[in-house]
Amino acid sequence: MASRQLAARQAALISSGLFDSAWYLKHNPDVAAAGHDPMMHFLKDGSYEGRSPGPDFDAIAYLTLYPDVVREGVEPWLHFAMHGRVEGRIALSFGPAEASILAHLHGNPTLHNSSTVVEDLFRLLLGREPDMVGLAYYKSLLEKTQNIPQMISEMMLSDEYKSKKMRDK
């Protein structure tokens, strides 16, 4: 039974396109030093330790953005592969600044209509001062949803954020 389940998870991981063996070994030198098969290590231990499978998926950021996944107790990569991708959820890798603010907001995902929060996120995520149109849009979104992770997701799906990430690399 356990080997059948492992084989099913391995097939799901391969078909998800999220796993990158070379990247995994580079970012997990303990696994490389021990000579473990990177995919088997990830499936047996790494996923449960909060390690990311490759450069296109950040497990900790995903769990921070989506507390429902934490409550469900599903492996973040598996949730994304089965549901999150179709739902338009974010799986991007975050820099230290984004991870820091997401960790701070994780415990308080329904901060109410706050100009300061929207302005701070604008500076952090988009790297610039907010303009009137952008500020109005994101304030409106926050008022409607009362959900900062959703607003962050919206910002991170924007072409402006993606361009900034490419410039920062």
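Residues numbered from 1 in each chain as written. Predicted model: local features only at pLDDT ≥ 70, side-chain atom pairs only at ≥ 80, totals over all residues. Heavy atoms only, no water.

A. Just the environment of Gly54, in detail. Residue position: Gly54 is located in the loop between α4 (38–46) and α5 (59–65). Relative accessible area serves as the criterion here: at 0%, Gly54 is assigned to the buried category. In this structure the C-alpha to C-alpha distance between Gly54 and Tyr24, which are 30 residues apart in sequence, comes to 6.0 Å. (Helix = DSSP H or I, 4+ residues; strand = E, 2+ residues; numbered from the N terminus. Buried < 20%, exposed > 50% of the residue type's maximum accessible area, 1.4 Å probe, protein only.)

B. Structural view of helix α1 (residues 2–16). Along its 15 residues, α1 runs 21 Å from first to last C-alpha, staying within 8% of the 21 Å computed at 1.5 Å per residue. Of the positions making up α1, those classed as buried are Arg9, Leu13 and Ser16. Down the axis of α1, the sector holding all buried residues measures 65 degrees, keeping them to one side. When the buried face of α1 is taken as reference, the exposed residues oriented beyond 90 degrees from it are Ser3, Arg4, Ile14 and Ser15. For α1, the secondary structure elements touched by its buried residues are α4 and α7 (76–87). (Expected span 1.5 Å × (residues − 1). Arc of directions from axis to C-beta. Contact = heavy atoms within 4.5 Å.)

C. Spatial organisation of the packing of aromatic side chains. Enumeration according to the criterion identifies nine aromatic pairs in this entry. Between the aromatic rings of Phe19 and Phe42, the centroid separation amounts to 5.8 Å while the plane-to-plane angle is 45 degrees, which identifies the pairing as tilted. Here Phe42 lies in helix α4 and Phe19 lies in the loop between α1 and α2 (21–27), a separation of 23 residues in the sequence. You'll find Phe19 and Phe42 in the same group, each marked buried. Summarising the aromatic geometry, the rings of Tyr62 and Phe80 are spaced 5.8 Å apart at their centres and angled 85 degrees between planes, so their arrangement reads as edge-to-face. With Tyr62 in helix α5 and Phe80 in helix α7, the pair connects residues that are 18 residues apart, well separated along the chain. Taken together, the ring pairs connect Phe19, Tyr24, Phe42 and Trp77 into an aromatic cluster. (Phe/Tyr/Trp six-rings, centres within 6.5 Å; stacked < 30°, edge-to-face > 60°.)

D. Layout of α4. Among the residues of α4, those classed as buried are Pro38, Met39, His41, Phe42, Leu43 and Gly46. The inward-facing, buried residues of α4 abut α1, α2, α3 (29–34) and α7. Where α4 begins, the capping side chain belongs to Asp37, and its oxygen is found 3.3 Å from the backbone nitrogen of Met39. (Polar contact = N/O pair within 3.5 Å; in protein donor to acceptor, adjacent residues only side chain to side chain.)

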